[in-house]
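In case you want the letters, here they are:
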Amino acid sequence: MPFKIILRILLPALLLFVLCIQCIIIFLPAISKHIVQSALGPLPGGRPLDFKVSRLGVNDTQISDISFGEDLRLDTIEFTYHMDTKNIISVEKLVMSGLNVTLHLDEKKRIRVSGFSFPQAKNVDHPGPVFDPDINAFESYFAYLPAHIVLKNSTIFIETGKDRFYIPVQADVQLDRKTLLADMKLSIFPMNQKITVGATANLAQGSVQMKISADRLYPEMLPAMMPGESRALSKLCGPVNFSIETKDFSTFYFELNDLGLEPDPHLKIKFPKISGVLSSDKTAMTLKAGGPVQIKSPGVDLGLFKFEILSQIASGTVDQFALTLQNEITKTWNMTPERMALSLSPVDFCDQIQLVDPQFRLSVSGNLEHQTGKLAIAGTALKSFKNNQAEHTNVLDISGLQLTTQFDGNFRRPESLKHIKFNALIDKFAVQKHIKDKGIQAKGIYFELPVTYPFKDIKAFGRAGIKKVILHDKIMPAVSAKLVQTSDFGMDITGKVNHTGFPGLVVDFSARAGLDSNMNPFVKGQMTTDPFSITQNIMNPLVPGMSGVENFKFDISARADFSYTNQRINSSADIRVSNGTLNAAESGFSASGISADMHFNDLMVPESLPGQYINIDAFNAGRFNCSNAKIRFSLEDGKSINIENLKFNWCNGIVSTEAFRLPSDDNALDLTLYCDRLEMEDLFHQLGAFDAEGDGTLSGRIPVVVKKTEIAFDNGFLFSTPGEGGRIFIRDLDRMLAGVPKNTREFSQLDLAGEALKNFEYKWVTLKLNTHGDTLGINMQLDGKPVSALPFEYDQSLNSFVRIDAQSPGSNFQGIKLNVNLTLPFNQVIQFGNNLKRIMNP
């Protein structure tokens, strides 16, 4: 009976308990949600916190569909916990999955998320208290922190205007509640690349050690995440490895490996290892970094460089920085123009350029508003080689090269640039065609130019010059000039060329040079000289072969124009020569009244227009005398001269030539002298063959062959003017009889001819000239009659006329043809022949 009573009471109670438990299970999540929302109260920004308790268990709880506005959502949070011995709930593991955070980046580079905006502007007028919490005040709450926190399947979305991209994120945090040490590992995956953030913290002391690292990161993929910096970041390339470490958040040590930079498709810059430190205090941050640099371009081998940078950053901006870039010690820099991708010029460059013992240093300091810097390049020698280094053809050799550039202003705003200054010093500049050729050398080259950009007319003059020029071991003029900037990329040059060995020679030159609107180089200028004299005292040191010239003088003036535009060189010159005299008494050679007006239309070849003239009033070489010589010529390609016509007065007649070229292909000169009305008396005298007087002229041609300093006559033929006779008186023909036996027919005929020519009236005369080795053969034929009776009678035994004594009346010849052959030593013609050799081969 009592049991039934107890059962009636117990069963309804148990039923009620079960119903209560069911109600608690059903309504507890909603009740828990209400309790949590009531405890949190209104959240900042007025955004509602919404969530759903999916599972509420004894040892685990799951909350899902958590949202805080539109920008912060979380799929699930799972808690794993238990009751410890002190009946305190101890959370073992907290797993967050599906966290989606949307960050809005505005034009002011501020981030907005769920109504919050940071960084927030500081209130300068009413600064609030500095938040500096005492971490010990939270020590009693550390026991409630989860021992293990996991974040997975999470994404951070970033919106910049119309662009939206995402970064997957995952994290793992381990917490030791006894030692209060926390170990965190955060991984983010921008553009499918992994960056790891690892941190170890002491929650009691507040100290944190952090390391950020990445392997095989491609920086060229980052512009999609930073549209405003896409232009600069797009030049970077990878893959790179980097790490950043800190122990106190005041000093950061970082290292970046294999960073590439491609400012141009044909130029690659690589930083194998950049290491440095970033330290900060309450007022500013200091950055110090450095490392090696490799510069690569087709056809360019510059070796290794290194850089260092020191920067101070305050209030988020660069307050001060200093950057240096210099090359490591190397033996040479090498460039191969043919392989270089950068187009230098259409000019045929050498095959290789080499800078020996290069020294490069660039230093820049200042801030973002103002920078000053200096660039210095130096080397013991700058050389160029044509074909290869072994042959050394077309060699350019610059010794003691020093180039420096100084600038002052803001390169981000070119209009603020105040001063740029270029300096160049060269000890010696030499050009050689062959290794044995001494070529041309220039010593003491200097260049200095102040520049502003954009151009400001500050009237700051620079200077340039060459202290000494040497050509084939002979000292040539020195150059000095004054420079002034006239535009952004242009300058005017005025200067003089002086030579201590040429007193009175001053070459004035002026030019404008720079870059045109298409950034192509140009030069336009001119050179002029006042009349100056050249004498043997000036020329003897330069031309040793002129030491035998006793009197040498020329008055010369010149003007030249030159330009380099559109990658073409144009040049021209006008040279005037007057009052020229040349006298070499030793060789019996002289010339006077030499004058010329010559125009050259291309000095680079060099080349002249046809029809240039050289005039010579008088020309003498022993017995050979001529006057009024005119040489019409043109300089063709710098290697040959085309003599269009040579004309001069000789023996009171005119001699001219057809066109010929010097030098000829076979180095032999075939020249034909066309003679018109040469006076016989003067001709015989200059030939040195006869001692003659008389009237009459000869015309015809004399082929002359000059080869290897030897002069020969090849069947020269002169004849008297048809229909015009004359009288001739020739003496000193006794040498025709030398070696001929007397009482012979040959002796009698030669004796008769010699006597007849002493006073002979001719109808026509012909003269043939030929050389045979060292002898000159002269054949003279005459048709006429002796003026008076000759002391000769016919001898039947000899079948020839023979000389008789003075008592006999002799014989009167009414007509006679004479054929006289003379063989003379060539030294009788050498009176003009050898001197001609000296002219042709000085």
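What you see is a predicted model, and the numbers here were worked out from it, not measured in a lab.

As for the overall build of the chain
Right, so step 1: Looking only at helices and strands, the chain has six helices and 52 strands in total.
Right, so step 2: When each of the 842 residues of the chain is scored for burial, the buried share is 37%.
Right, so step 3: Considering only contacts in the chain between residues 6 or more positions apart, those separated by 24 or more positions represent 47%.
Right, so step 4: Accessible surface for the chain amounts to roughly 49,000 Å². Of this, 57% is attributable to carbon and sulfur atoms.

Things to note about the nonpolar core
Right, so step 1: Trp650, Ile702, Phe760 and Leu767 are the most contacted members of the largest nonpolar core, which totals 84 residues.
Right, so step 2: Tallying contributions element by element places strand 35 (residues 589–602) first for this core, with six residues.
Right, so step 3: With near-sequence residues (within four places) excluded, Leu767 lies in contact with Leu683, Phe684, Leu687, Leu698, Gly716, Phe717, Leu718, Ile778, Asn779 and Met780.
Right, so step 4: With 24 residues, the next largest nonpolar core counts Ala214, Ile269, Met340 and Ile353 among its residues.

Quick word on the pairing of strand 17 (residues 300–314)
Right, so step 1: Bridging between strand 16 (residues 285–297) and strand 17 involves twelve bridges; their strand directions are antiparallel. Residue Thr286 lies in a different strand from strand 17, and its bridge partner there is Gln312.
Right, so step 2: Here strand 16 hands over to strand 17 after two residues, with Gly299 in that stretch at a positive phi of 80°.
Right, so step 3: The sheet contact formed by strand 17 and strand 18 (residues 317–327) spans ten bridges and is antiparallel. Within strand 18, the position partnered with Lys306 by the bridge is Gln326.

Topic: the side chain of Asn327
Right, so step 1: Checked against the element boundaries, Asn327 lands in strand 18.
Right, so step 2: Taking relative accessible area as the criterion, Asn327 reaches 11% and is therefore assigned buried.
Right, so step 3: From its side chain, Asn327 meets the backbone oxygen of Pro358 in a polar contact 3.0 Å long.
Right, so step 4: Within the structure, Asn327 has its side chain in polar contact with the backbone nitrogen of Phe360 (distance 2.7 Å).

Describing the pattern of salt bridges
Right, so step 1: Across all of its chains, the model carries eleven salt bridges by this definition.
Right, so step 2: For Asp555, the salt bridge is made with Lys553, and the minimal N-O distance between the two is 3.0 Å.
Right, so step 3: Overall, Asp555 belongs to the buried group, its relative accessible area being 15%.
Right, so step 4: If you follow the salt bridges from partner to partner, you end up with Glu755, Lys758 and Arg803 in one network.

A short note on helix 5 (residues 745–756)
Right, so step 1: Taking 1.5 Å per residue, twelve residues should reach 16 Å; helix 5 reaches 16 Å between its end C-alpha atoms and fits that length.
Right, so step 2: The set of residues buried in helix 5 consists of Phe747, Ser748, Asp751, Leu752, Ala753, Gly754, Glu755 and Ala756.

Describing the packing of aromatic side chains
Right, so step 1: Enumeration according to the criterion identifies nine aromatic pairs in this entry.
Right, so step 2: On the numbers, 5.6 Å between centres and 75° between planes, the contact of Tyr794 with Phe801 is edge-to-face.
Right, so step 3: By relative accessible area, Tyr794 is classed as partly exposed at 45%.
Right, so step 4: What links up through ring pairs into an aromatic cluster is the set Phe305, Trp333 and Phe360.
Right, so step 5: The lysine or arginine in question, Lys482, covers the ring of Phe461, its NZ or CZ lying 4.8 Å from the ring centre.

A few points about the environment of Phe554
Right, so step 1: Among the structural elements, Phe554 can be located in strand 33 (residues 551–565).
Right, so step 2: By relative accessible area, Phe554 is classed as buried at 13%.

A word on helix 4 (residues 680–687)
Right, so step 1: Restricting attention to buried positions, one finds in helix 4 the residues Met680, Leu683, Phe684, Gln686 and Leu687. Projected onto a plane normal to the axis of helix 4, the buried residues spread over an arc of 165° and lie on a single side.

Observations concerning the pairing of strand 48 (residues 760–772)
Right, so step 1: Judged from the four bridges that link them, strand 46 (residues 716–720) and strand 48 form a sheet pairing that is antiparallel. Among the inter-strand pairings, Leu718 is bridged to a residue of strand 48, identified as Leu767.
Right, so step 2: Of the strand pairs in this sheet, strand 48 and strand 49 (residues 775–786) are connected by twelve bridges, and their pairing is antiparallel. What sits directly across from Val765, in strand 49, is Leu782.
Right, so step 3: With antiparallel pairing between neighbouring strands as the criterion, strand 48 and strand 49 make up a hairpin whose turn holds two residues, including Gly773 at a positive phi of roughly 65°.

A look at the confidence of the model for the chain
Right, so step 1: Residues of the chain with pLDDT of at least 70 account for 75%, and the chain-wide mean is 77.
Right, so step 2: Looking over the chain, one finds the lowest element-wise mean pLDDT in helix 6 (residues 830–840), namely 45, and the highest in strand 40 (residues 653–656), namely 93.
Right, so step 3: Overall, residues 830–842 carries pLDDT values under 50, and its contacts beyond four positions in sequence, including any with other chains, amount to 23 contacts.

Cut-offs and rules
- Residues numbered from 1 in each chain as written.
- Predicted model: local features only at pLDDT ≥ 70, side-chain atom pairs only at ≥ 80, totals over all residues.
- Heavy atoms only, no water.
- Helix = DSSP H or I, 4+ residues; strand = E, 2+ residues; numbered from the N terminus.
- Buried < 20%, exposed > 50% of the residue type's maximum accessible area, 1.4 Å probe, protein only.
- Contact = heavy atoms within 4.5 Å.
- Areas by Shrake-Rupley, 256 points an atom, 1.4 Å probe, with all protein chains shown as cover.
- Core = buried A, V, L, I, M, F, W, Y, C linked by side-chain atoms within 4.5 Å.
- Pairing = 2+ DSSP bridges.
- Polar contact = N/O pair within 3.5 Å; in protein donor to acceptor, adjacent residues only side chain to side chain.
- Salt bridge = Lys/Arg side-chain N within 4 Å of Asp/Glu carboxyl O.
- Expected span 1.5 Å × (residues − 1).
- Phe/Tyr/Trp six-rings, centres within 6.5 Å; stacked < 30°, edge-to-face > 60°.
- Lys NZ or Arg CZ within 6 Å of the ring centre and 35° of its normal.
- Arc of directions from axis to C-beta.
- pLDDT = per-residue confidence, 0-100.

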